[in-house]
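Here is how the chains run, residue by residue.
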Amino acid sequence: VDHSATIPILSHVLIAARGEAAISVTGSNLDQEITATCAAEGAASLDGVAVPAKILTDIVRNSPDGMNISVLGIKRGNAWSDIEIRSGRSRARIPVLPASDFPSLDKGDLPHALSLNAATFAKALKTVSFAAETNQQRFAYCGVHLDPVEDGLAVVASDGNRLAKRVIPLIEFDQEISGTPAITIPNAAIPSIIRMLDKQEDVTLGISDDKIRVEAGGMVLISKLLEGTFLPYKKLAISQTGVTV
């Protein structure tokens, strides 16, 4: 969430019911979107609503440890105008925006799916991301490249001077990876992906030509992919003592 966003809805998070006993909280900056799910009693009665992220975060952070948080919707006509958050003796009333105003990158299933160990994927991203380009004039290199190769999935980053590469073996995947397109995940999404994979067992990747969907535990990250052609790393000669792992 960009708290200084000039588009008001982007400084909000979307809270919505997920069945009878869970809610989802979603943040977006139009390029990346993250959704987390948590248990909640009476969730089915919650209509989707967009809440100012910074105010909500401060309230939750300052609530007593172990104390339940209650959310009461306040309607003006047929639409929610405010929510009241209760925690112990504290009460806070927050104005909200309609859920229909909130942008969404999640447009259903993506055509290619891969599943593997979360720690393996996170380690590969950590290993190579230091070499990624940061100069936006060379935007096609400003990320981590995933490329299905003969012996697995190559995870590559390069700024033209440095090249870091790690190959995740085919045995790590639950599906065939042939036919999966080569993609480049933007730098901005890499730290969030690594954080969400911490202490998770498995991760599922949904991939299309322009988006990636990373799902682990109760969290989902969707990111737009970088356009353009990535560095032709296969043509570069790397010595036996080079950075290939």
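Throughout what follows, the structure given in this document is the object of discussion. This structure is a prediction, so every number in the text was calculated from the model and none was measured. (Residues numbered from 1 in each chain as written. Predicted model: local features only at pLDDT ≥ 70, side-chain atom pairs only at ≥ 80, totals over all residues. Heavy atoms only, no water.)

## Quick word on the sheet that holds strand 8 (residues 97–98)
Backbone-to-backbone hydrogen bonds join strands into a sheet, with any given pair of strands oriented parallel or antiparallel. To keep it simple, the criterion reads: Any two strands are treated as partners once DSSP identifies two or more bridges connecting them. Strands here are runs of E lasting at least two residues and helices are runs of H or I lasting at least four, both read from the DSSP assignment and numbered beginning at the N terminus. The contact criterion used throughout is that any non-hydrogen atoms of two residues lie within 4.5 Å. Simply put, an axis is a line fit to the C-alpha atoms, just over the touching stretch for a helix, and the angle between two N-to-C directions goes from 0 to 180 degrees.
Read from one edge of the open sheet, nine strands run 8-4-1-2-3-16-15-14-9, paired in antiparallel fashion. Two strands in the sheet have a free side with no partner beyond their single neighbour: strand 8 and strand 9 (112–117). Bridge count for strand 2 (residues 22–28) against strand 3 (residues 32–39) is seven bridges, and the pairing is antiparallel. Residue Ala22 lies in a different strand from strand 3, and its bridge partner there is Ala39. Against the sheet, helix 1 (residues 53–62) touches strand 1 (12–17) and strand 4 (49–52), its axis set at about 75° to strand 4.

## Some thoughts on the pattern of salt bridges
Here is the rule: Whenever a carboxyl oxygen of Asp or Glu lies within 4 Å of a side-chain nitrogen of Lys or Arg, that contact is scored as a salt bridge. Exposure is judged per residue with a 1.4 Å probe applied to protein chains only, and the accessible area is read against the type maximum: over 50% gives exposed, under 20% gives buried, and values in between give partly exposed.
In total, this model carries nine salt bridges according to the counting rule given. Among the salt bridges present, the one from Asp58 reaches Lys54, with a minimum N-O distance of 3.2 Å. One end of the pair, Asp58, and the other, Lys54, are both in helix 1, four residues apart, so they sit about a helical turn from each other. For Asp58, the salt bridge identified is with Arg61, shortest N-O distance 3.2 Å. Within this pair, Asp58 and its partner Arg61 are both found in helix 1, separated by three residues, close to a single helical turn. Residue Asp58 is classed as partly exposed on the basis of its relative accessible area, which comes to 28%. Here the salt bridges share partners, and the residues they tie into one network are Lys54, Asp58 and Arg61.

## With respect to the packing of aromatic side chains
The geometry of an aromatic ring pair is captured by the separation of the ring centres together with the interplanar angle, meaning the angle of the planes. Here is the rule: Put simply, two rings from Phe, Tyr or Trp (the six-membered ring, in Trp's case) pair if the centres are within 6.5 Å, and we call them stacked under 30 degrees between planes, edge-to-face over 60, tilted for the rest.
Counted under the stated rule, the structure contains one aromatic pair. Consider the rings of Tyr141 and Phe230, whose centres lie 5.9 Å apart with planes at 70°: the pair is edge-to-face. Within this pair, whereas Tyr141 is found in the loop between helix 2 (118–128) and strand 10 (143–149), its partner Phe230 is found in the segment after strand 16 (219–224), the two being separated by 89 residues in sequence. Across the pair, Phe230 and Tyr141 agree in class, each one buried.

## Things to note about helix 1
The following threshold applies: Directions from the helix axis toward the C-beta atoms define the arc.
Regarding helix 1, the residues found buried are Ala53, Leu56 and Ile59. Summarising the axial view, the buried residues of helix 1 lie within an arc of 135°, below the 170-degree limit, and thus occupy one face. Projecting away from the buried face of helix 1 at angles above 90 degrees are the exposed residues Arg61 and Asn62.

Don't take any of this as a statement about function, it's just geometry.
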